[in-house]
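# Residue-level structural notes
Below, each chain spelled out in residue letters.
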Amino acid sequence: MTERGYLGRAKRRNMTIFEALRNGQAYDTRGEAYRQEVHAEINRSDELQFQINHTNPHEKAKLLALENALIPGQMTAGMTFTPPMQIDAGRRVFLGKDVYANHDLTLMSVGTITIDDGVMMGPGEGLFTVNHEPKNLRTIHTKEIYIKQNAWLGARVTVLPGVTIGENAIIGAGAVVTHDIPANSLAVDVPAKVVKILD
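Because the structure is a prediction, the values reported are computed rather than measured. (Residues numbered from 1 in each chain as written. Predicted model: local features only at pLDDT ≥ 70, side-chain atom pairs only at ≥ 80, totals over all residues. Heavy atoms only, no water.)

### A short note on the sheet that holds strand β15 (residues 164-165)
Strand order in the open sheet made by the four strands is β4-β7-β12-β15, with parallel pairing throughout. Each end of this open sheet is capped by a strand with a single partner; those strands are β4 (93-95) and β15. In terms of strand pairing, β4 meets strand β7 (residues 113-115) through three bridges, oriented parallel. Paired with Phe 94 across the bridge in β7 is Thr 114. (Pairing = 2+ DSSP bridges. Helix = DSSP H or I, 4+ residues; strand = E, 2+ residues; numbered from the N terminus.)

### Re helix α3 (residues 32-53)
Taking 1.5 Å per residue as the helical rise, α3 with its 22 residues ought to reach 32 Å, and the 30 Å between its terminal C-alpha atoms agrees with that figure. Helix geometry: α3 is bent most strongly at His 39, by close to 30 degrees. Of all the positions in α3, only Ala 33, Tyr 34, Val 38, Glu 41, Arg 44, Ser 45, Leu 48, Gln 49 and Ile 52 are classed as buried. (Expected span 1.5 Å × (residues − 1). Bend = angle between axes of the 7 residues up to and from the residue. Buried < 20%, exposed > 50% of the residue type's maximum accessible area, 1.4 Å probe, protein only.)

### Considering the sheet that holds strand β13 (residues 152-153)
Reading across the sheet, the seven strands line up as β2-β5-β8-β13-β16-β18-β19 and stay open at both edges, with mixed pairing between neighbours. Because the sheet does not close on itself, it has two edges, and the strands there are β2 (80-81) and β19 (193-197). Pairing of strand β16 (residues 170-171) with strand β18 (residues 185-188), which is carried by two bridges, proceeds in the parallel orientation. Within the sheet, the bridge partner assigned to Ile 170 lies in β18 and is Leu 186.

### Focus on the pattern of salt bridges
Within the structure shown, the criterion is met by five salt bridges. A salt bridge links Glu 144 to Arg 22; the nearest nitrogen and oxygen atoms lie 2.9 Å apart. With Glu 144 in the loop between β11 (136-142) and β12 (145-147) and Arg 22 in helix α2 (residues 17-22), this residue pair connects regions lying 122 residues apart in the sequence. Arg 91 is the salt-bridge partner of Glu 41, the closest N and O atoms lying 3.2 Å from each other. Highlighted residues: Glu 41 in helix α3 and Arg 91 in the loop between β3 (85-87) and β4, separated in sequence by 50 residues. Its relative accessible area of 46% is what places Arg 91 among the partly exposed residues. Members of the salt-bridge network, linked through shared partners, are Glu 41, Arg 44 and Arg 91. (Salt bridge = Lys/Arg side-chain N within 4 Å of Asp/Glu carboxyl O.)

Structural data, given as structure tokens:
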């Protein structure tokens, strides 16, 4: 489908391109409408992250203000995102309370990432909502990622598009999560598989 066709469907439903992506539509990243909306958010996020990643880590008030600009109004007391980090669309990240992320967090969040209360993420995490069409690599589609309450992701976990990780689940270090993980379970390996149900 052409960019005009994608945009026409989105306009008929009064959706933004972000909402249309969230609802399963694909977009050519070279299209003017895509660039105006999505690239503008990516550029906004990049500029804020540059400032965050070059701020003295002991300047807590300054970091909090910058992080609240990146992920508007969601960085509350008890929340920690340790720089450096890379979040491509801060307005498409939705956070609960007391979320902790260690350094080198990467969120490709164009397709929307929701992280519930009490989630802990180790260093080097990558959550990726975006994929490319194999026959046209400039066309993307997205699937939302949802990390539920009190889940814990060990170091260098990779979460792929469309995955939900259940409440209190633990993902072992280095795992690649390609499908949903149920609540109260331990998952490890590549691809991640459940090896234990937790009490």
